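Residue strings, one per chain:
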Amino acid sequence: MVALRMNTPESAFASLTRRDLLVRSAVTLASLSLPRLVAQAPAHSRKLAVTIDDGPAVGTGNDLAVFVRIADALREVFVAEKVPAIMFVNERQLNVDGQRDARVALLHRWLEAGLDLGNHTYSHPNLGHVELARFLDDIVKGEVISRPLLEARGKKLVWFRYPFLATGSGETAAAVEEFLVWRGYRIAPVSVDYHDYSFSGAYVRHVRAGDATKAAAHFDTVMQTMDEACTRAEARSVEVLGYELPQTLLIHCNEMNALTLRTTLGHLRDRGYAFVSMDEAMADPGYAVPGLRPGSMGGGGFFNSVAAAKRSAAERQ
Ligand SMILES: [Zn+2]
């Protein structure tokens, strides 16, 4: 791992006004005082892999400064908190005239920091809405930059995440799964999803408006929603597998997370989670239950898929 200049995430937002920073402090304080909806667990007995989609930064259009600020802030927090995150990239976001080098440099910095990359397709198509050939083409276009960057570091491009977690159905689903295997991919599952993307816009609007109270209240809701999603996933894992497997959390490379990631990670630590890499989480047998279709793991109903696989195995006996 190359030593990084250890900026706090705050420094990445140097262009925010002093009032913005005060708002951010208020948000952090507010989230510390959240009522804990935390199931009892000994410290760090749970494991979780953080997967962050729509990288390097989503929703920034052609604004290079914001794009870089979000992606750098996320990386700096993961490094400072020693979280071996994997970012699922949409390479279309790198393809902006006059900005390609600066945008690709973010992937270099991400890998230099020891973090991992996966393919999230080039342009984020929904498999339910596009032709099969177009989708497969988008998978290949999505690895043009990432694959050589990984290979130059002796690493491999392994993980694929479906946009919208839409894994298709019938022959289309099977054709995509076969294509992914043929290109050496494994499908990245999601076991905890709190739809973080749906909260980002309002959070950022409150921060920009200098409304600390609204921003803090909004972020309280985000953390409560995450807690509820964790509680469900923990319970479902015990129901279906008999134990809590290392969870795979889905979040996104958005501006809300760039501003709040440290608090979110602290909250997960408070639930007893230690952070592990995608590869370490996937070594758990819960992700390799016989009959579990790889495609079904990419969707949000991971534990339902595991339960279905176990039921059909029992029926065959
Ligand atoms: Zn996505």
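Cut-off values and rules
- Residues numbered from 1 in each chain as written.
- Predicted model: local features only at pLDDT ≥ 70, side-chain atom pairs only at ≥ 80, totals over all residues.
- Heavy atoms only, no water.
- Donors = N, O, S within 2.8 Å, 3.2 Å for Na, K, Ca; no water.
- Helix = DSSP H or I, 4+ residues; strand = E, 2+ residues; numbered from the N terminus.
- Buried < 20%, exposed > 50% of the residue type's maximum accessible area, 1.4 Å probe, protein only.
- Expected span 1.5 Å × (residues − 1).
- Polar contact = N/O pair within 3.5 Å; in protein donor to acceptor, adjacent residues only side chain to side chain.
- Axes fitted to C-alpha atoms, helices over the stretch in contact; angles between N-to-C directions.
- Parallel < 35°, antiparallel > 145°, perpendicular 65-115°, else oblique.
- Contact = heavy atoms within 4.5 Å.
- Nonpolar A, V, L, I, M, F, W, Y, C, P; charged D, E, K, R; others polar.
- Phe/Tyr/Trp six-rings, centres within 6.5 Å; stacked < 30°, edge-to-face > 60°.
- Lys NZ or Arg CZ within 6 Å of the ring centre and 35° of its normal.

1. Comments concerning the coordination of the zinc ion
Point 1. Note on the zinc ion: its protein donors are D54 (OD), H120 (NE2) and H124 (NE2). The metal-donor distances range over 2.0 to 2.1 Å.
Point 2. Mapped onto the polypeptide sequence, the residues donating to the zinc ion form the spacing pattern D-x65-H-x3-H. Taken together, the positions of D54 in strand β1 (residues 46-55) and H124 in the loop between β3 (116-119) and α4 (132-141) put the pair 70 residues apart, joining distant regions of the chain. H124 shares its class with D54; the two are buried.

2. Looking at helix α2 (residues 64-80)
Point 1. Taking 1.5 Å as the rise per residue, α2 with 17 residues should run 24 Å; its terminal C-alpha atoms sit 24 Å apart, in good agreement.
Point 2. Burial analysis of α2 places 13 of its 17 residues in the buried class, the great majority of the element.
Point 3. Measuring from the backbone nitrogen of A65 back to the side-chain oxygen at the start of α2 gives 3.2 Å, which picks out D63 as the cap.
Point 4. Where α2 terminates, the next one or two residues include K82, which has phi positive at roughly 55 degrees.

3. Structural notes on the packing of α2 against helix α3 (residues 100-112)
When two helices pack together, their arrangement is given by the angle between the helix axes and by the axis-to-axis distance.
Point 1. Taken N-terminus to C-terminus, the directions of α2 and α3 make an angle of 0 degrees; their axes are 10 Å apart at the nearest point. On the basis of their axis angle, the class for α2 and α3 is roughly parallel. Packed against α2, whose contacting residues are L64, F67, V68, A71, D72, R75 and F78, the element α3 presents A102, R103, L106, R109 and W110 at the interface.
Point 2. Classifying every residue of the contact of α2 with α3 gives eight nonpolar, no polar and four charged.

4. Concerning the packing of aromatic side chains
Point 1. A full pass over the atoms with the stated rule returns eight aromatic pairs.
Point 2. Aromatic pair F78 and W110: ring centres 5.9 Å apart, planes at 90 degrees, arrangement edge-to-face. One end of the pair, F78, is in helix α2; the other, W110, is in helix α3, with 32 residues separating them in the sequence. Per residue, the accessibility class of F78 equals that of W110, and both read buried.
Point 3. An aromatic cluster is built from F135, F160, Y162 and Y185, whose rings are joined through pairwise contacts.
Point 4. Taking the ring centre of F67 as reference, the NZ or CZ of R103 above it sits at 3.9 Å.
Point 5. Its guanidinium or amino end placed over the ring of F88, R161 lies 4.7 Å from that ring's centre, counting from NZ or CZ.

5. With respect to unusual backbone geometry
For residues other than glycine, phi is negative in most cases, and the peptide bonds are mostly trans.
Point 1. With an omega dihedral of 0 degrees, the bond running from G55 to P56 counts as a cis peptide bond.
Point 2. Relative to the helices and strands, P56 is located in the loop between β1 and α2.
Point 3. Although it is not a glycine, K82 adopts a positive phi angle of roughly 55 degrees.
Point 4. Assessed through its relative accessible area of 70%, K82 is described here as exposed.

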